Amino acid sequence: MKLLHTSDWHLGQSFFTKTRKDEHQAFINWLLQQVRSEQVDAVIIAGDIFDTGTPPSYARELYNYFVVELQKLNCSLLVLGGNHDAVAVLNESRQLLACLNTYVVASTDLPLSEQVLLLPDKSGAVGAIVCAVPFIRAKDVLQSTAGASGLEKRQALGDAITAHYQQLFQLAVKTRQQQQLEVPIIATGHLTALGVSQSESVRDIYIGTLDGFAAEGFPPADYIALGHIHRPQKVAKTEHIRYSGSPIPLSFDELNTEKQVVLVEFTGRECQQIRPIAVPLFQPMQVLRGDLATLTTAIPQVAAAHPEHSVWLCLEVATEDYLPDLQQRVQNLVADLNVDVLQLRRLRNPKRQALTAEQQETLAELTPQQVFTKRLQMEEFNDEAAQARLSRIQQHFDQLLLELELERKA
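Since we're looking at a predicted model, the values are computed, not measured.

(A) Region of the structure containing the overall build of the chain. Helix and strand counts for the chain come out as 11 helices and 17 strands. Considering the chain as a whole, with its 410 residues, one finds that 47% of them fall into the buried category. About 19900 Å² of surface is accessible on the chain, with carbon and sulfur atoms providing 50% of the total.

Take a look at the structure:
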């Protein structure tokens, strides 16, 4: 059984007024080619198929196109709802898509038996049992309690999500035993796990209720396919619990990380391989940093490297002085070049910024998380090694906070 794990397509996204339609079409065609060449049995999209609850018509067309083309390859599809997806929008075509070997689980507001799915392989036999967990809304698993503190609400929601996973996993194990199947159990999810590295395009979920879900709360499934975090990564250094990440960069800071989908292959219940497949960059994008003299040289070089496409740029201009005409200077600089400046930032001396901040606020006014965040903002994490170091720092900090909270309660 070969599974292909992807997530966070965000069909219909507007990127600084630019449509991503051509990028998404190119990605879908590329993905179909991977399904064909790798002989994939099933594709799992772990949430946020759309960018908004009211996706434009072309986004729905892309979605329908993928479903139809995938069925021509004799490959099943599982679509999970994300926090960006509207439950009603996904459910409106659920019954119709079921006739095209496509399973849609938009919310947990379904009987448990409809959230444990028997996913077929190309021969039509059961190839895997899936605990299909979409984005879990607090109201679907938790009853509000008057007078509960913020910490108690966070713990209650975390416990409720853990309980939901355990119920589905136990049902999956029971199903496997009753039907005498030698197949893996797969779990999914669309949430923030503790210690992961986020990007600017990720919108916080469970705001004010649950900061992150502990990896210990996941069931002992053979593979756990997660969505919501746009950078591909393992959870708690565990090979089989992964975020595939978004297939295209949804913000400029995601250019630091290579995009991917994850191919997972099983023989019976035994996992043979977990292999990321790099996704090409379909739209040239780049972040350029430096003073105006440096950018005057760098921008034409970038434009010359991509003669067939307009390059989307984020310019971070380093300057000690405030330039009131910076916008006009940049426009003059790129006037005859095949580039679009979508984001323009001013970079100032971080030490001067820190000094100014110290004059305006004291430690007594800040939480430990705010102090930690402000300190990280003074550093640069521009490559994969630096991002890995950042992830380790954040995991260590989260663990310290958890231990301090447990000590306080004791």
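(B) Broad picture of the side chain of Glu-316. Position of Glu-316 relative to the elements: it lies in strand E16 (residues 311-318). Reaching out from Glu-316, the side chain makes a polar contact with the side chain of Arg-289 at a distance of 2.6 Å. Of note is the side chain of Glu-316, whose polar atom sits 3.1 Å from the side chain of Arg-345.

(C) Looking closely at the packing of helix H1 (residues 21-38) against helix H2 (residues 57-72). Contact geometry for H1 and H2: axes closest at 11 Å, N-to-C directions at 10 degrees. Considering their axes alone, H1 and H2 lie roughly parallel with respect to each other. Contact residues: H1 offers Lys-21, His-24, Gln-25, Ile-28, Asn-29, Leu-31, Leu-32 and Val-35, while H2 offers Tyr-58, Leu-62, Tyr-65, Phe-66, Glu-69 and Leu-70. Among the residues making up the contact of H1 with H2, the classes are represented as 9 nonpolar, 3 polar and 2 charged.

(D) Quick look at the nonpolar core. Trp-9, Val-43, Ile-49, Tyr-63 and Phe-66 are the most contacted members of the largest nonpolar core, which totals 34 residues. Mapped onto this core, the elements with two or more residues apiece are H1, strand E4 (42-46), H2, strand E5 (76-80), helix H3 (87-91) and strand E13 (260-267). Sequence-distant contacts of Trp-9, that is, excluding residues within four places in its chain, are made with His-24, Phe-27, Ile-28, Leu-31, Ile-45, Asp-48, Ile-49, Phe-66 and Pro-247. Ranked by size, the runner-up nonpolar core spans 26 residues in total, among them Ile-161, Ala-193, Phe-218 and Val-235.

(E) Expanded view of the sheet that holds strand E7 (residues 116-120). Here we have 6 strands laid out as an open sheet, ordered E7-E8-E9-E10-E12-E11, and mixed in their pairing. Every interior strand has two partners, whereas the edge strands, E7 and strand E11 (233-235), have only one. For this sheet, the mean angle separating the axes of adjacent strands, direction not counted, is 35 degrees. When strand E8 (residues 126-131) meets strand E9 (residues 185-190), the two strands line up parallel, connected through 3 bridges. Counterpart to Val-130 in the pairing with E9 is Ile-186.

(F) Highlighting unusual backbone geometry. Even without a glycine there, the phi angle at Phe-16 is positive, about 50 degrees. With respect to the helices and strands, the residue Phe-16 is situated in the loop between strand E2 (14-15) and strand E3 (18-19). Overall, the relative accessible area of 36% leaves Phe-16 in the partly exposed class. A positive phi angle, near 60 degrees, is found at Asn-101, a position not held by glycine. Its place among the elements puts Asn-101 in the loop between helix H4 (94-98) and strand E6 (102-105).

(G) Expanded view of the packing of aromatic side chains. Here the structure, examined in full by the defined rule, presents 11 aromatic pairs. Ring geometry for Phe-15 and Phe-16: centres 4.9 Å apart, planes at 85 degrees, overall edge-to-face. Taking the centre distance of 5.5 Å and the plane angle of 75 degrees together, the rings of Tyr-165 and Phe-218 count as edge-to-face. Linking Tyr-165 in helix H6 (residues 150-178) with Phe-218 in the loop between E9 and strand E10 (223-227), this pair joins segments that are 53 residues apart in sequence. Classification of Phe-218 by relative accessible area gives buried; the value is 6%.

(H) Fine view of H2. Its 16 residues give H2 an end-to-end C-alpha distance of 23 Å, which sits within 8% of 22 Å, the value for a rise of 1.5 Å per residue. Taken residue by residue, H2 has Tyr-58, Ala-59, Leu-62, Tyr-63, Phe-66, Val-67, Leu-70 and Gln-71 as its buried positions. Looking at the residues trailing H2, positive phi occurs at Asn-74, about 55 degrees.

(I) Up close: helix H8 (residues 326-334). Restricting attention to buried positions, one finds in H8 the residues Leu-326, Val-330 and Val-334. In an axial view of H8, the angular spread of the buried residues amounts to 60 degrees, which keeps them on one side of the axis. Residues of H8 that are buried make contact with helix H7 (292-305), E16 and strand E17 (339-347).

(J) Geometry of the environment of Ala-193. Position of Ala-193 relative to the elements: it lies in the loop between E9 and E10. Once you skip the residues sitting within four places of it in the chain, Ala-193 turns out to touch Phe-213, Val-235 and Tyr-243.

Rules used throughout
Along each chain, the written sequence defines residue order, and numbers are assigned to residues from 1. Per-residue local features of the predicted model are confined to residues with pLDDT of at least 70, and side-chain atom pairs are confined, for both listing and counting, to 80 or more; whole-chain, interface and lining totals are unaffected and use all residues. Only hydrogens and water are set aside; all other atoms, that is, all heavy atoms of the structure, feed into the side-chain values. A run of DSSP states H or I qualifies as a helix once it reaches four residues; a run of E qualifies as a strand once it reaches two. Both are numbered from the N-terminal end. Think of it in three bands: with a 1.4 Å probe and only protein chains considered, a residue is buried below 20% of the maximum accessible area for its type, exposed above 50%, and partly exposed in between. Computed with a 1.4 Å probe, the accessible areas rest on the Shrake-Rupley method; for each residue, only the protein chains presented here act as cover. Each polar contact in these results corresponds to two N or O atoms within 3.5 Å; when the atoms are within protein, one needs to be able to donate a hydrogen and the other to accept it, and residues that are neighboring in sequence are counted only if both atoms are side-chain atoms. Throughout, an axis means a line fitted to C-alpha atoms (over the contacting stretch in the case of helices), and angles, computed between N-to-C directions, take values from 0 to 180 degrees. Working definition: roughly parallel below 35 degrees, roughly antiparallel above 145 degrees, roughly perpendicular at 65 to 115 degrees, and oblique for all remaining angles. In this analysis, two residues are considered to be in contact whenever any of their non-hydrogen atoms come within 4.5 Å of each other. Gly is put with the polar residues, along with every residue not named as nonpolar or charged; the nonpolar set is Ala, Val, Leu, Ile, Met, Phe, Trp, Tyr, Cys and Pro, and the charged set is Asp, Glu, Lys and Arg. Among buried residues, the Ala, Val, Leu, Ile, Met, Phe, Trp, Tyr and Cys ones that are joined through side-chain atoms within 4.5 Å form a nonpolar core. Two strands qualify as a pair provided DSSP detects at least 2 bridges between them. Two aromatic rings from Phe, Tyr or Trp, using only the six-membered ring of Trp, form a pair when their centres are within 6.5 Å; if the ring planes differ by under 30 degrees the pair is stacked, by over 60 it is edge-to-face, and anything between is tilted. Multiplying one less than the number of residues by 1.5 Å gives the expected span of a helix. The arc in question is the one traced by the directions running from the helix axis out to the C-beta atoms.

Geometric values such as these leave the question of function open.
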